[in-house]
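# Tertiary structure, described
So you can see what is in the structure, the chains are spelled out below.
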Amino acid sequence: MEPRIQYAKTSDGVSIAYWTIGQGPALVLMPWIPFNHVELNWERAQGFCERLARKMQLVHYDGRGCGLSDRDVPHSLEGHELDLAAVVDRLGLERFALWAFLTSGPVAIAYAAKHPERVRRLIFWCSFSRATDLLQSQQLQGLLALLERDWELFTETMAHVVYGWSSGDPAREFAAYMRESASHDSVRGAIPVLAEIDVDHLLPEVRCPALVLHRRQMAYPDLGAARHLASRIPDARLVTLEGESSQFGGPGQPGRVTDADTQIILNAVEEFLAQDESASSAALPSGTAIMLFADIADSTALTERLGDKAFREKARELDGALRAVVRENGGTPVEGKLLGDGVLAVFTSARQAIEAALACGQAGTDAGLLL
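Now for a quick tour of the structure. Just so you know, these numbers come straight off a predicted model, no measurement behind them.

By the secondary structure assignment, Leu68 is in the loop between β4 (57-61) and α3 (77-90). Here Leu68 falls in the partly exposed class, since its relative accessible area comes to 26%. Along the chain, Leu68 and Glu39 lie 29 residues apart, while their C-alpha atoms are 8.0 Å from each other. Apart from the residues lying within four places of it in its own chain, the contact partners of Leu68 are Ile5, Tyr7, Ala17, His37, Val38, Glu39 and Asp62.

Given below as structure tokens:
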């Protein structure tokens, strides 16, 4: 049965379209800003949505400026937070999980950091915390310049960037979807806002477990943005998948549940959401635990040679890289104030701990800071 489109009103008076299906713990699918259309998304990925709705209440909404929500509304990070708040409040959801797609990642981070009592789990799909992770490439800058000149050519080109240059009909269909889901003026107004977004400082304040899903060969944003998310959020796990497209499912059939790629994604999400919250706290595993401690060698001498500010900046960057390495090898970084400039982690597998130690050593060498 096709879900019924309903509306919620934000505190600043914007009408937000949404639908909901299923029963159980709530999972809110966030929109791709500035392109989204809840009605067309149901048509495009019905099987995907029905699979998720077997075990939970699935909620999906259009943000301001796109889809069936009010279109002639300026974009802002705060405004998109209000859109999410309006929907969950309208449905009376006390506690829920968020799945952020692409550009909605910063909105999810900001909301989760400010409302830790409401967001129980956080999922990212090919997302980021800093606009520079998305917009820094010359190719994408050229694409945005095309937006100013030719709306149709921009959407056609963007669709081929998303699906691949040899995709043919699927890319053309997706270009039509983008033109249906947002207007030229709305997208032009959204780009400057997206370009200024940076919620990096909020990542350590996200208290719920997070699952970071990303394509290994994706260019915008690249895998580095995902590793950054996973390393800075205290309780995060990174899962990488093969491919370069932000879409999933078979060609022309996004979210097709019989597709192997979609099955991997759905299985990872369902397993993550099914985990008991108490098990995701900082409790160490029972039995033998393998501890790994990595510390910067001769940090005092390095500080004197580089200067305190330069050394601290390099050390912070290395800290993020080391935490990402730990998680990628199945370990859990221990949070809290530690001695020196070190990273402490726990593993349940000696093999994984040794592989992580070797990778940490290489990361330190690459950064010019021996461990």
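A separate point is the packing of aromatic side chains. Per the counting criterion, the structure on display carries nine aromatic pairs. Both rings, one in Trp19 and one in Trp42, keep their centres 5.6 Å apart while their planes meet at 80°; by these two values the pair is edge-to-face. Here Trp19 is found in strand β2 (residues 15-21), whereas its partner Trp42 is found in helix α1 (residues 38-44), with 23 residues between them in sequence. In terms of burial, Trp19 and Trp42 fall into one category: buried. On the numbers, 6.1 Å between centres and 40° between planes, the contact of Phe96 with Tyr111 is tilted. Of this pair, Phe96 sits in strand β5 (residues 96-101) while Tyr111 sits in helix α4 (residues 105-114); the two residues are 15 residues apart in sequence, bridging distant segments of the chain. With respect to burial, Phe96 and Tyr111 carry one shared label: buried. Chaining the aromatic ring pairs together yields one cluster made of Trp32, Phe35, Trp151, Phe154, Phe174 and Tyr177. One cation-aromatic arrangement involves Arg44 over Tyr177; the distance from NZ or CZ to the ring centre is 4.7 Å. Directly above the aromatic system of Phe272 lies the positively charged group of Arg121, at a separation of 4.8 Å from the ring centroid.

Attention now goes to the state of the cysteines. Evaluated as defined, the whole model comprises zero disulfides. Cys126 carries a free sulfur, and the closest cysteine sulfur to it, the one in Cys49, is 17 Å from it. Relative accessible area serves as the criterion here: at 0%, Cys126 is assigned to the buried category.

This brings us to the nonpolar core. Among the nonpolar cores identified, the biggest contains 63 residues, and Leu27, Trp99 and Leu213 are the most heavily contacted of them. By size, the runner-up hydrophobic cluster in this structure holds 45 residues, among which are Ile16, Val59, Tyr111 and Ala226.

Another aspect to go through is a negative patch on the surface. A cluster of acidic side chains, namely Glu2, Glu39, Glu43 and Glu180, defines a negative patch on the protein surface. Assignment of secondary structure puts Glu180 in helix α8 (residues 169-181).

As a further point, take empty space enclosed by the protein. Applying the stated criterion to the full structure yields two cavities of 30 Å³ or more. Roughly 410 Å³ of internal volume is contained in the largest cavity. In terms of lining, the largest cavity is formed by 22 residues, of which the most central are Asn41, Ala45, Phe101, Gln247 and Phe248. For the lining of the largest cavity, the elements supplying multiple residues, two or more each, are α1, α2 (46-53) and α8. In this structure, the second largest cavity encloses a volume near 50 Å³. Residue lining of the second largest cavity: Ile33, His75, Ser76, Leu77, His80, Thr103, Val107, Ala190, Val193, Leu194 and Ile197, and that is the complete set. Secondary structure elements with two or more residues in the lining of the second largest cavity: α3 and α9 (184-196). It is α9 that provides the largest number of residues to the lining of the second largest cavity, a total of three residues.

Calculation criteria
- Residues numbered from 1 in each chain as written.
- Predicted model: local features only at pLDDT ≥ 70, side-chain atom pairs only at ≥ 80, totals over all residues.
- Heavy atoms only, no water.
- Helix = DSSP H or I, 4+ residues; strand = E, 2+ residues; numbered from the N terminus.
- Buried < 20%, exposed > 50% of the residue type's maximum accessible area, 1.4 Å probe, protein only.
- Contact = heavy atoms within 4.5 Å.
- Phe/Tyr/Trp six-rings, centres within 6.5 Å; stacked < 30°, edge-to-face > 60°.
- Lys NZ or Arg CZ within 6 Å of the ring centre and 35° of its normal.
- Disulfide = S-S within 2.5 Å.
- Core = buried A, V, L, I, M, F, W, Y, C linked by side-chain atoms within 4.5 Å.
- Patch = residues over 30% accessible without salt bridge, like charges linked within 9 Å, V, L, I, M, F, W, Y side chains within 5 Å.
- Areas by Shrake-Rupley, 256 points an atom, 1.4 Å probe, with all protein chains shown as cover.
- Salt bridge = Lys/Arg side-chain N within 4 Å of Asp/Glu carboxyl O.
- Lys, Arg positive; Asp, Glu negative; His and termini not counted.
- Charge placed at Lys NZ, Arg CZ, Asp CG, Glu CD.
- 1 Å grid on protein atoms, 1.4 Å probe; cavity = no way out; pocket = protein on both sides within 12 Å on 5 of 7 lines; lining within 4 Å.
- Points joined across faces, edges and corners; volume = space filled by probe spheres on them.

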